[in-house]
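# Observations on the model geometry
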Amino acid sequence: MVARFGTSARDGIVTPEAVLLEFDTAGLASRLLAAFLDAAIQLLVLLGVLLGVYGLSELGLDLGGLGTAFLYVLVFLLLFGYPAAFETLWRGRTPGKAALGLRVVTVEGGPIRFRHAAIRAMLGIFDKYLFTGMVGVLSVLATRRNQRLGDLVGGTIVLRERSGAKAPSAVRFAAPHGLEGYVASLDVGRLGHEDYGTIRSFLLRAPSLSPAARQHVAGQLAASTVTRLHAVPPPGLPPEVFLVCVAAAHQHRNAPAAMPAPFESVWAAPSSKGFARPPSAAPPARSHTGFTAPS
(Lines give C-alpha, C1' and ligand atoms only; values in the text may rest on other atoms or scores of the structure.)
Protein backbone atom coordinates (compact mmCIF):
# COMPACT_ATOMS: atom_id res chain seq x y z
CA MET A 1 0.00 0.00 0.00
CA VAL A 2 1.29 3.47 -0.81
CA ALA A 3 -0.67 5.36 1.83
CA ARG A 4 -0.25 4.83 5.55
CA PHE A 5 -2.96 6.03 7.92
CA GLY A 6 -2.45 5.46 11.62
CA THR A 7 -1.39 1.84 11.53
CA SER A 8 0.93 1.81 14.53
CA ALA A 9 1.33 -1.65 15.99
CA ARG A 10 0.26 -0.28 19.34
CA ASP A 11 -3.20 0.54 17.92
CA GLY A 12 -4.25 -3.09 17.86
CA ILE A 13 -3.79 -6.58 16.52
CA VAL A 14 -5.45 -8.38 13.63
CA THR A 15 -6.88 -11.75 14.60
CA PRO A 16 -6.90 -14.75 12.22
CA GLU A 17 -10.54 -13.84 11.49
CA ALA A 18 -9.41 -10.47 10.08
CA VAL A 19 -10.89 -8.59 13.04
CA LEU A 20 -8.77 -5.78 14.42
CA LEU A 21 -8.77 -5.54 18.23
CA GLU A 22 -7.79 -2.28 19.88
CA PHE A 23 -5.90 -2.49 23.18
CA ASP A 24 -3.60 -0.70 25.59
CA THR A 25 -0.32 -2.36 26.47
CA ALA A 26 0.92 -2.18 30.05
CA GLY A 27 3.50 0.55 30.59
CA LEU A 28 6.78 0.31 32.43
CA ALA A 29 5.46 1.72 35.72
CA SER A 30 2.54 -0.71 36.05
CA ARG A 31 4.72 -3.67 35.05
CA LEU A 32 7.39 -2.74 37.61
CA LEU A 33 4.81 -2.38 40.37
CA ALA A 34 3.22 -5.74 39.48
CA ALA A 35 6.67 -7.36 39.48
CA PHE A 36 7.43 -5.77 42.87
CA LEU A 37 4.21 -7.21 44.36
CA ASP A 38 5.00 -10.67 43.00
CA ALA A 39 8.59 -10.45 44.28
CA ALA A 40 7.28 -9.46 47.72
CA ILE A 41 5.04 -12.55 47.81
CA GLN A 42 7.91 -14.78 46.69
CA LEU A 43 10.19 -13.29 49.33
CA LEU A 44 7.61 -13.81 52.08
CA VAL A 45 7.22 -17.46 51.09
CA LEU A 46 11.00 -17.93 51.09
CA LEU A 47 11.38 -16.25 54.49
CA GLY A 48 8.59 -18.38 55.90
CA VAL A 49 10.27 -21.57 54.76
CA LEU A 50 13.66 -20.43 56.07
CA LEU A 51 12.12 -19.68 59.45
CA GLY A 52 10.54 -23.13 59.42
CA VAL A 53 13.88 -24.80 58.65
CA TYR A 54 15.56 -22.72 61.36
CA GLY A 55 12.87 -23.74 63.83
CA LEU A 56 13.43 -27.42 63.03
CA SER A 57 17.17 -27.04 63.55
CA GLU A 58 16.53 -25.42 66.96
CA LEU A 59 14.51 -28.48 67.90
CA GLY A 60 17.52 -30.64 67.13
CA LEU A 61 16.37 -31.92 63.72
CA ASP A 62 19.34 -31.67 61.36
CA LEU A 63 18.23 -31.89 57.71
CA GLY A 64 21.79 -31.70 56.42
CA GLY A 65 22.16 -31.94 52.64
CA LEU A 66 18.45 -32.65 52.26
CA GLY A 67 17.61 -29.26 53.67
CA THR A 68 20.08 -27.54 51.33
CA ALA A 69 18.66 -29.38 48.32
CA PHE A 70 15.14 -28.46 49.39
CA LEU A 71 16.06 -24.78 49.55
CA TYR A 72 17.55 -24.89 46.05
CA VAL A 73 14.38 -26.52 44.73
CA LEU A 74 12.27 -23.93 46.54
CA VAL A 75 14.20 -21.04 45.00
CA PHE A 76 13.76 -22.56 41.55
CA LEU A 77 10.04 -23.05 42.13
CA LEU A 78 9.64 -19.46 43.29
CA LEU A 79 11.61 -17.92 40.42
CA PHE A 80 10.32 -20.20 37.66
CA GLY A 81 7.34 -22.16 38.91
CA TYR A 82 5.53 -19.21 40.54
CA PRO A 83 5.08 -17.11 37.36
CA ALA A 84 4.75 -20.09 35.02
CA ALA A 85 2.08 -21.81 37.09
CA PHE A 86 0.04 -18.69 37.85
CA GLU A 87 0.09 -17.39 34.26
CA THR A 88 -0.88 -20.80 32.89
CA LEU A 89 -3.67 -21.58 35.37
CA TRP A 90 -4.93 -18.00 35.85
CA ARG A 91 -5.12 -17.06 32.15
CA GLY A 92 -2.06 -14.83 31.99
CA ARG A 93 -2.20 -13.33 35.47
CA THR A 94 -0.13 -13.53 38.64
CA PRO A 95 -1.24 -12.00 41.96
CA GLY A 96 0.79 -8.88 41.16
CA LYS A 97 -0.66 -8.54 37.66
CA ALA A 98 -4.18 -9.16 38.94
CA ALA A 99 -3.77 -6.38 41.52
CA LEU A 100 -2.72 -3.95 38.77
CA GLY A 101 -5.31 -5.13 36.24
CA LEU A 102 -2.75 -6.66 33.86
CA ARG A 103 -2.94 -9.82 31.78
CA VAL A 104 -0.50 -11.64 29.47
CA VAL A 105 -1.87 -12.69 26.07
CA THR A 106 -0.31 -13.89 22.84
CA VAL A 107 0.51 -11.38 20.13
CA GLU A 108 -2.56 -12.72 18.28
CA GLY A 109 -4.73 -11.76 21.25
CA GLY A 110 -5.38 -15.31 22.48
CA PRO A 111 -4.82 -16.84 25.93
CA ILE A 112 -1.29 -18.01 26.68
CA ARG A 113 -0.39 -21.64 27.25
CA PHE A 114 2.27 -23.27 29.42
CA ARG A 115 4.97 -22.94 26.77
CA HIS A 116 4.43 -19.15 26.62
CA ALA A 117 4.48 -18.88 30.42
CA ALA A 118 7.56 -21.13 30.67
CA ILE A 119 9.53 -19.05 28.16
CA ARG A 120 8.57 -15.85 29.96
CA ALA A 121 9.55 -17.35 33.33
CA MET A 122 12.92 -18.69 32.13
CA LEU A 123 13.94 -15.44 30.48
CA GLY A 124 12.44 -13.51 33.39
CA ILE A 125 15.21 -14.88 35.60
CA PHE A 126 17.64 -13.14 33.24
CA ASP A 127 15.92 -9.86 32.37
CA LYS A 128 14.21 -9.27 35.75
CA TYR A 129 16.78 -10.38 38.30
CA LEU A 130 20.21 -10.12 36.66
CA PHE A 131 21.85 -6.70 36.27
CA THR A 132 19.27 -5.27 38.74
CA GLY A 133 16.53 -5.69 36.14
CA MET A 134 17.96 -3.15 33.69
CA VAL A 135 17.80 -5.62 30.79
CA GLY A 136 14.04 -5.94 31.17
CA VAL A 137 13.57 -2.19 31.69
CA LEU A 138 15.53 -1.30 28.57
CA SER A 139 13.69 -3.94 26.55
CA VAL A 140 10.28 -2.55 27.57
CA LEU A 141 11.36 0.99 26.78
CA ALA A 142 12.85 0.04 23.40
CA THR A 143 9.91 -1.96 22.02
CA ARG A 144 6.73 -0.37 20.67
CA ARG A 145 4.51 -2.90 22.48
CA ASN A 146 6.38 -2.62 25.80
CA GLN A 147 7.74 -6.16 25.58
CA ARG A 148 10.60 -7.55 27.62
CA LEU A 149 12.82 -10.35 26.30
CA GLY A 150 10.49 -13.05 27.57
CA ASP A 151 7.62 -11.46 25.64
CA LEU A 152 9.64 -11.12 22.45
CA VAL A 153 10.80 -14.74 22.48
CA GLY A 154 7.53 -16.17 23.76
CA GLY A 155 5.33 -14.15 21.40
CA THR A 156 3.34 -12.42 24.14
CA ILE A 157 2.28 -8.95 25.24
CA VAL A 158 0.98 -7.60 28.56
CA LEU A 159 -2.33 -5.72 28.36
CA ARG A 160 -4.05 -3.34 30.73
CA GLU A 161 -7.52 -4.68 31.49
CA ARG A 162 -8.54 -1.86 33.82
CA SER A 163 -7.94 1.60 32.41
CA GLY A 164 -9.81 4.67 31.31
CA ALA A 165 -9.44 3.59 27.70
CA LYS A 166 -12.21 1.88 25.78
CA ALA A 167 -12.24 -1.88 26.20
CA PRO A 168 -10.93 -4.04 23.32
CA SER A 169 -13.60 -4.27 20.65
CA ALA A 170 -14.01 -5.97 17.32
CA VAL A 171 -15.01 -3.92 14.29
CA ARG A 172 -16.74 -5.50 11.32
CA PHE A 173 -17.80 -4.17 7.94
CA ALA A 174 -20.81 -5.38 5.96
CA ALA A 175 -21.24 -5.12 2.21
CA PRO A 176 -22.98 -1.84 1.23
CA HIS A 177 -26.61 -2.30 0.21
CA GLY A 178 -26.83 -3.28 -3.46
CA LEU A 179 -23.14 -4.19 -3.68
CA GLU A 180 -23.28 -7.62 -2.06
CA GLY A 181 -22.59 -9.35 -5.39
CA TYR A 182 -19.60 -7.14 -6.12
CA VAL A 183 -18.17 -7.76 -2.65
CA ALA A 184 -18.56 -11.51 -3.14
CA SER A 185 -16.69 -11.29 -6.46
CA LEU A 186 -13.68 -9.42 -5.05
CA ASP A 187 -10.48 -11.47 -4.82
CA VAL A 188 -8.72 -10.04 -1.76
CA GLY A 189 -6.11 -12.78 -1.45
CA ARG A 190 -3.31 -10.26 -2.13
CA LEU A 191 -4.49 -7.95 0.66
CA GLY A 192 -2.30 -8.37 3.73
CA HIS A 193 -3.36 -7.75 7.33
CA GLU A 194 -1.33 -4.54 7.42
CA ASP A 195 -3.08 -3.27 4.28
CA TYR A 196 -6.45 -4.17 5.76
CA GLY A 197 -5.49 -2.37 8.98
CA THR A 198 -4.71 0.77 6.96
CA ILE A 199 -8.10 0.68 5.23
CA ARG A 200 -9.93 -0.05 8.46
CA SER A 201 -8.17 2.79 10.27
CA PHE A 202 -9.10 5.27 7.55
CA LEU A 203 -12.76 4.21 7.40
CA LEU A 204 -13.20 4.66 11.14
CA ARG A 205 -11.40 7.99 11.27
CA ALA A 206 -12.80 9.42 8.06
CA PRO A 207 -15.69 11.30 9.74
CA SER A 208 -13.18 13.42 11.67
CA LEU A 209 -11.47 14.60 8.46
CA SER A 210 -12.43 17.56 6.37
CA PRO A 211 -14.37 16.65 3.18
CA ALA A 212 -11.41 17.53 0.96
CA ALA A 213 -8.91 15.53 3.02
CA ARG A 214 -11.36 12.65 3.31
CA GLN A 215 -11.80 12.34 -0.44
CA HIS A 216 -8.08 12.81 -1.09
CA VAL A 217 -6.99 10.06 1.31
CA ALA A 218 -9.80 7.78 0.12
CA GLY A 219 -8.68 8.25 -3.49
CA GLN A 220 -5.07 7.42 -2.65
CA LEU A 221 -5.96 4.31 -0.67
CA ALA A 222 -8.46 3.14 -3.27
CA ALA A 223 -6.04 3.61 -6.16
CA SER A 224 -3.25 1.68 -4.44
CA THR A 225 -5.71 -1.05 -3.41
CA VAL A 226 -6.97 -1.43 -6.99
CA THR A 227 -3.40 -1.83 -8.16
CA ARG A 228 -2.63 -4.46 -5.53
CA LEU A 229 -5.82 -6.47 -6.08
CA HIS A 230 -6.11 -5.94 -9.85
CA ALA A 231 -9.75 -5.15 -9.11
CA VAL A 232 -12.18 -3.35 -11.43
CA PRO A 233 -14.59 -1.16 -9.43
CA PRO A 234 -18.06 -0.43 -10.85
CA PRO A 235 -18.20 2.82 -12.85
CA GLY A 236 -18.73 5.86 -10.67
CA LEU A 237 -18.22 3.99 -7.40
CA PRO A 238 -16.84 6.41 -4.77
CA PRO A 239 -13.37 5.50 -3.52
CA GLU A 240 -14.52 5.32 0.09
CA VAL A 241 -17.38 2.94 -0.72
CA PHE A 242 -14.92 0.78 -2.67
CA LEU A 243 -12.72 0.58 0.43
CA VAL A 244 -15.72 -0.54 2.49
CA CYS A 245 -16.33 -3.27 -0.09
CA VAL A 246 -12.72 -4.41 0.17
CA ALA A 247 -12.82 -4.43 3.99
CA ALA A 248 -16.06 -6.44 3.98
CA ALA A 249 -14.65 -8.92 1.44
CA HIS A 250 -11.45 -9.34 3.46
CA GLN A 251 -13.35 -10.10 6.65
CA HIS A 252 -15.76 -12.44 4.87
CA ARG A 253 -12.86 -14.31 3.23
CA ASN A 254 -11.12 -14.90 6.55
CA ALA A 255 -14.24 -15.50 8.63
CA PRO A 256 -17.08 -16.57 6.32
CA ALA A 257 -19.24 -17.78 9.21
CA ALA A 258 -19.04 -14.55 11.21
CA MET A 259 -22.12 -12.35 11.38
CA PRO A 260 -21.04 -8.79 10.57
CA ALA A 261 -22.32 -5.79 12.46
CA PRO A 262 -24.78 -3.46 10.68
CA PHE A 263 -23.17 -1.40 7.98
CA GLU A 264 -23.97 2.02 9.49
CA SER A 265 -22.60 1.05 12.91
CA VAL A 266 -18.98 0.89 11.75
CA TRP A 267 -18.85 3.34 8.84
CA ALA A 268 -20.72 6.59 8.27
CA ALA A 269 -20.93 7.83 4.70
CA PRO A 270 -19.90 11.49 4.30
CA SER A 271 -22.65 13.96 3.70
CA SER A 272 -20.83 15.86 0.95
CA LYS A 273 -22.20 15.76 -2.57
CA GLY A 274 -21.56 12.49 -4.29
CA PHE A 275 -21.12 10.58 -1.06
CA ALA A 276 -24.61 10.75 0.48
CA ARG A 277 -25.77 7.56 2.17
CA PRO A 278 -28.42 5.87 0.03
CA PRO A 279 -31.86 5.04 1.46
CA SER A 280 -32.08 1.56 2.98
CA ALA A 281 -34.60 0.48 0.33
CA ALA A 282 -32.61 1.68 -2.65
CA PRO A 283 -29.19 0.78 -4.06
CA PRO A 284 -26.31 3.16 -3.33
CA ALA A 285 -26.20 6.29 -5.41
CA ARG A 286 -23.56 6.41 -8.10
CA SER A 287 -21.16 9.25 -7.51
CA HIS A 288 -19.41 11.42 -10.00
CA THR A 289 -16.40 11.61 -7.66
CA GLY A 290 -15.19 8.15 -8.49
CA PHE A 291 -11.55 7.40 -9.15
CA THR A 292 -9.63 6.17 -12.16
CA ALA A 293 -7.65 3.06 -11.49
CA PRO A 294 -3.98 3.37 -12.50
CA SER A 295 -2.97 1.33 -15.49
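We now turn to the structure provided with this report. Since this is a predicted model, take the numbers as computed values, not measurements.

Criteria and thresholds
Residues numbered from 1 in each chain as written. Predicted model: local features only at pLDDT ≥ 70, side-chain atom pairs only at ≥ 80, totals over all residues. Heavy atoms only, no water. Patch = residues over 30% accessible without salt bridge, like charges linked within 9 Å, V, L, I, M, F, W, Y side chains within 5 Å. Areas by Shrake-Rupley, 256 points an atom, 1.4 Å probe, with all protein chains shown as cover. Salt bridge = Lys/Arg side-chain N within 4 Å of Asp/Glu carboxyl O. Helix = DSSP H or I, 4+ residues; strand = E, 2+ residues; numbered from the N terminus. Buried < 20%, exposed > 50% of the residue type's maximum accessible area, 1.4 Å probe, protein only. Polar contact = N/O pair within 3.5 Å; in protein donor to acceptor, adjacent residues only side chain to side chain. Contact = heavy atoms within 4.5 Å. Expected span 1.5 Å × (residues − 1). Pairing = 2+ DSSP bridges.

Let us now look at a nonpolar patch on the surface. Side chains of Phe-126, Leu-130, Phe-131, Met-134, Leu-138 and Leu-141 sit close together on the surface and give an oily, nonpolar patch of about 610 Å² of accessible area. If one sorts the elements of the nonpolar patch by residue count, helix H5 (residues 134–142) sits on top with three residues. Looking at the secondary structure, you find Met-134 in helix H5.

Moving on to the side chain of Thr-143. In this structure, Thr-143 sits in the loop between H5 and helix H6 (149–154). Taking relative accessible area as the criterion, Thr-143 reaches 18% and is therefore assigned buried. Engagement of the side chain of Thr-143 in a polar contact is seen with the backbone oxygen of Ser-139, the distance being 2.9 Å.

Attention shifts here to the side chain of His-116. Within the secondary structure, His-116 sits in helix H4 (residues 114–129). Ignoring anything within four residues of it in the chain, the contact list for His-116 reads Thr-106, Gly-154 and Thr-156.

Taking 1.5 Å of rise per residue, the 16 residues of H4 would be expected to cover 22 Å, and the 21 Å separating its terminal C-alpha atoms lies within 8% of that figure. Of the residues making up H4, those classed as buried are His-116, Ala-117, Ala-118, Arg-120, Ala-121, Gly-124 and Asp-127. Phi for Phe-131, located one or two positions after H4, is positive at around 55 degrees.

Turning our attention to the pairing of strand E4 (residues 156–160). In terms of burial, E4 is largely enclosed, as four of its five residues are buried. Summarising the sheet, strand E3 (residues 102–106) and E4 pair through five bridges and their orientation is antiparallel. Considered in E4, the bridge of Thr-106 is made with Thr-156.

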